[in-house]
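Structure assessment
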Amino acid sequence: MDHGSAQTSPAQTAPPTRVPPVALGLLALQHVLVMYAGAVAVPLIVGRALGLPPEQVALLVSADLFACGLATLIQSWGLPGIGIRMPVMMGVTFAAVTPMIALGTNPALGLPGIYGAVLVAGLFALLAAPLVGRLLPLFPPVVTGTVILVIGISLMRVGVNWAAGGLGNPRYGALLYLGLALFVLLVILGLTRYARGFVASASVLIGIVVGMAAAGAFGLVDLSRAAAPWFDVVRPFAFGAPRFDLVASLTLCLVMVVVMIESTGMFLALAEITGETVDEARLIRGLRADGLGTVLGGVFNTFPYTAFSQNIGLVGVTGVRSRWVAVIGGVVMLVLGLIPKLAALVEAVPPCVLGGAGLVMFGMVAATGTRILGTVDFAANRNNLFIVAVSVGFGLIPLVAPAFFKQMPDVLHPLLESGILLAALSAVSLNLFFNGLGGRAGARAAAARLAHAAEA
């Protein structure tokens, strides 16, 4: 990694904006609402995929919000040697969803196996943060765009099944479910097209709220499931002591490498927006915060954490570059995690409503990957086409043929049943084969361009 400072133009060196306390609080709330739907999506996906009862899914949501707050405070406020100290909001990464479901559905592992792997992955990120600069050349846009595209495609299966009422529902595919999912989708698209500012930014969350009201009118909302206390603490290891497995841990360590590469790009893009300098030492502090946030996720019953690109884009939209917006936002998320009734209400949202929103959220992940691939030169280097084609093919194997690796050793299933990791390994290997290893300076610039594409 380069030891020099990130380059900033004179126009970017303005001091951080000073914001009155009331406006700071409102801006922080805006950041929370923009990320809220994405933040609670992962515990809902994992909890329902593992067949957990409603109260345990609600516990995952509370734990996620609480740990979101802690991770955001560590990243934006900072600890000695840890934290980028910029306006960064942290949330659970979608990159870990399919590997964690593969781990959790293994009877020998379950949730304790997931949390053991999350703890190891977090510690790995803490230790490996100084080395990420050396790994950047392994992840040029042709690799990163392919991996993010496969993440979105893999998640789309969840959104489609939600829209039809959820797997296991005897009325799966009922016209009412499909109609409500379409209604939520149209609300989100309408707000995106005709609304402005905050309303447009929070269109997914607003669509879910409107959709839940419509579902309630048809008797699909069971508020008895929201019968939870107003206040309760999030207890460490609520699902039992973590269980450690070598392959499971290696699987999530690979995920954390992808997460840290993505975070690097986000930090560099945010530096350009805020006009701050991000040198090697500061970048390492930010990546260590990813690792510590993930360790806390393993302790407090949740998952790996990364910077949310929606919030980085919002910094550019509002023009408010103060890190204290994110600090207050982190406090708000932490407090929300201490309100179980709110988490139970989130868990009570019918799957068909989430499906309409999921088509947008997960489709946007895939679209981001496509946008990044749009920066790749396929005309001058046709080999890039083979990298994308073969890697997407590998990534789709678990999606279209779940029994494809049935005869492989059980110990390898967590890795082989994750299309995201198959795509990542394929793309990295084929890029090395066709294009070789690039330089760090070019990789750092490419990472910043990648993040700009993601936030857009």
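What you see is a predicted model, and the numbers here were worked out from it, not measured in a lab. (Residues numbered from 1 in each chain as written. Predicted model: local features only at pLDDT ≥ 70, side-chain atom pairs only at ≥ 80, totals over all residues. Heavy atoms only, no water.)

1. Things to note about the overall build of the protein
Of regular secondary structure, the protein possesses 19 helices and two strands. For the C-alpha atoms alone, the extent of the protein along its principal axes is close to 60 × 60 × 45 Å. Expressed as a percentage of the 456 residues in the protein, the buried residues total 58%. Here the analysis covers contacts within the protein between residues at least 6 apart in sequence; of these, 85% occur between residues at least 24 apart. When the accessible surface of the protein is totalled, it reaches about 17900 Å², and 69% of it is carbon and sulfur. Of the side chains in the protein, 23 bear a positive and 17 a negative charge, and the two mean positions are spaced by 5 Å. (Helix = DSSP H or I, 4+ residues; strand = E, 2+ residues; numbered from the N terminus. Buried < 20%, exposed > 50% of the residue type's maximum accessible area, 1.4 Å probe, protein only. Contact = heavy atoms within 4.5 Å. Areas by Shrake-Rupley, 256 points an atom, 1.4 Å probe, with all protein chains shown as cover. Lys, Arg positive; Asp, Glu negative; His and termini not counted. Charge placed at Lys NZ, Arg CZ, Asp CG, Glu CD.)

2. Notes on the side chain of S263
Inspection of the secondary structure assignment puts S263 in helix 10 (residues 246–274). Judged by its relative accessible area of 0%, S263 is buried. Residues contacting S263, with those up to four places away along its chain left out, are L287, D290, T306 and A307.

3. A few points about empty space enclosed by the protein
As enumerated under the stated definition, the model contains one cavity of 30 Å³ or more in all. There is about 40 Å³ of room inside the largest cavity. If you go around the largest cavity, the residues you meet are A95, F139, T144, I148, I151, V258, I261 and E262. Those elements giving two or more residues to the lining of the largest cavity turn out to be helix 6 (141–163) and helix 10. In terms of residue class, the lining of the largest cavity is made up of six nonpolar, one polar and one charged. (1 Å grid on protein atoms, 1.4 Å probe; cavity = no way out; pocket = protein on both sides within 12 Å on 5 of 7 lines; lining within 4 Å. Points joined across faces, edges and corners; volume = space filled by probe spheres on them. Nonpolar A, V, L, I, M, F, W, Y, C, P; charged D, E, K, R; others polar.)

4. Here we look at the side chain of N384
Following the sequence through the fold, N384 ends up in helix 16 (residues 383–400). One polar contact links N384 to N435, side chain to side chain, over a distance of 3.0 Å. Apart from residues no more than four positions distant in its own chain, N384 is found in contact with V142, V376, D377, F378 and N435. (Polar contact = N/O pair within 3.5 Å; in protein donor to acceptor, adjacent residues only side chain to side chain.)

5. Describing the pattern of salt bridges
Taken as a whole and judged by the stated rule, the model has three salt bridges. Residue E347 is joined to R48 by a salt bridge in which the shortest nitrogen-to-oxygen separation is 3.8 Å. Separated by 299 residues along the polypeptide, E347 in helix 14 (residues 340–347) and R48 in helix 1 (residues 21–49) bring together distant segments of the chain. The exposure class assigned to E347 is buried, which follows from its relative accessible area of 2%. We classify R48 as partly exposed; its relative accessible area is 23%. Among the salt bridges present, the one from D232 reaches R235, with a minimum N-O distance of 3.3 Å. (Salt bridge = Lys/Arg side-chain N within 4 Å of Asp/Glu carboxyl O.)

6. Structural notes on helix 13 (residues 323–336)
Counted at 1.5 Å a residue, the expected span for helix 13 with its 14 residues is 20 Å, and the 20 Å between its end C-alpha atoms agrees. Buried residues belonging to helix 13 abut helix 1, helix 2 (54–76) and helix 14. Among the residues of helix 13, the N-terminal cap falls to S322, whose side-chain oxygen and the backbone nitrogen of W324 are separated by 3.1 Å. (Expected span 1.5 Å × (residues − 1).)

7. Considering the packing of aromatic side chains
A complete count under the given rule lists nine aromatic pairs for this structure. Taking the centre distance of 6.0 Å and the plane angle of 65° together, the rings of W77 and W324 count as edge-to-face. Highlighted residues: W77 in the loop between helix 2 and strand 1 (90–92) and W324 in helix 13, separated in sequence by 247 residues. Judged by relative accessible area, which is 38%, W324 ranks as partly exposed. Taking the centre distance of 5.8 Å and the plane angle of 80° together, the rings of F94 and F362 count as edge-to-face. Highlighted residues: F94 in the loop between strand 1 and helix 3 (97–104) and F362 in helix 15 (residues 351–373), separated in sequence by 268 residues. Here F94 matches F362 in class, with each residue buried. By the ring-pair criterion, three or more aromatic residues cluster together here, those being F94, W162 and F362. (Phe/Tyr/Trp six-rings, centres within 6.5 Å; stacked < 30°, edge-to-face > 60°.)

8. Focus: the confidence of the model for the protein
Counting all residues, the mean pLDDT for the protein is 85, and 90% of those residues have values of 70 or more. No element of the protein has a lower mean pLDDT than helix 19 (residues 440–455), at 59, and none a higher one than helix 4 (residues 110–128), at 95. When the criterion is pLDDT under 50, residues 1–14 qualifies, and its contacts beyond four places in sequence or with other chains add up to 29 contacts. (pLDDT = per-residue confidence, 0-100.)

9. Details of unusual backbone geometry
Peptide bonds are mostly trans, and most non-glycine residues show a negative phi. You will see that F237, though not glycine, has its phi angle at about 50°, which is positive. One can find F237 in the loop between helix 9 (203–217) and helix 10. Positive phi, normally seen in glycine, also occurs at N301, with a value near 65°. Examined against the element boundaries, N301 turns out to sit in the loop between helix 11 (280–299) and strand 2 (305–307).

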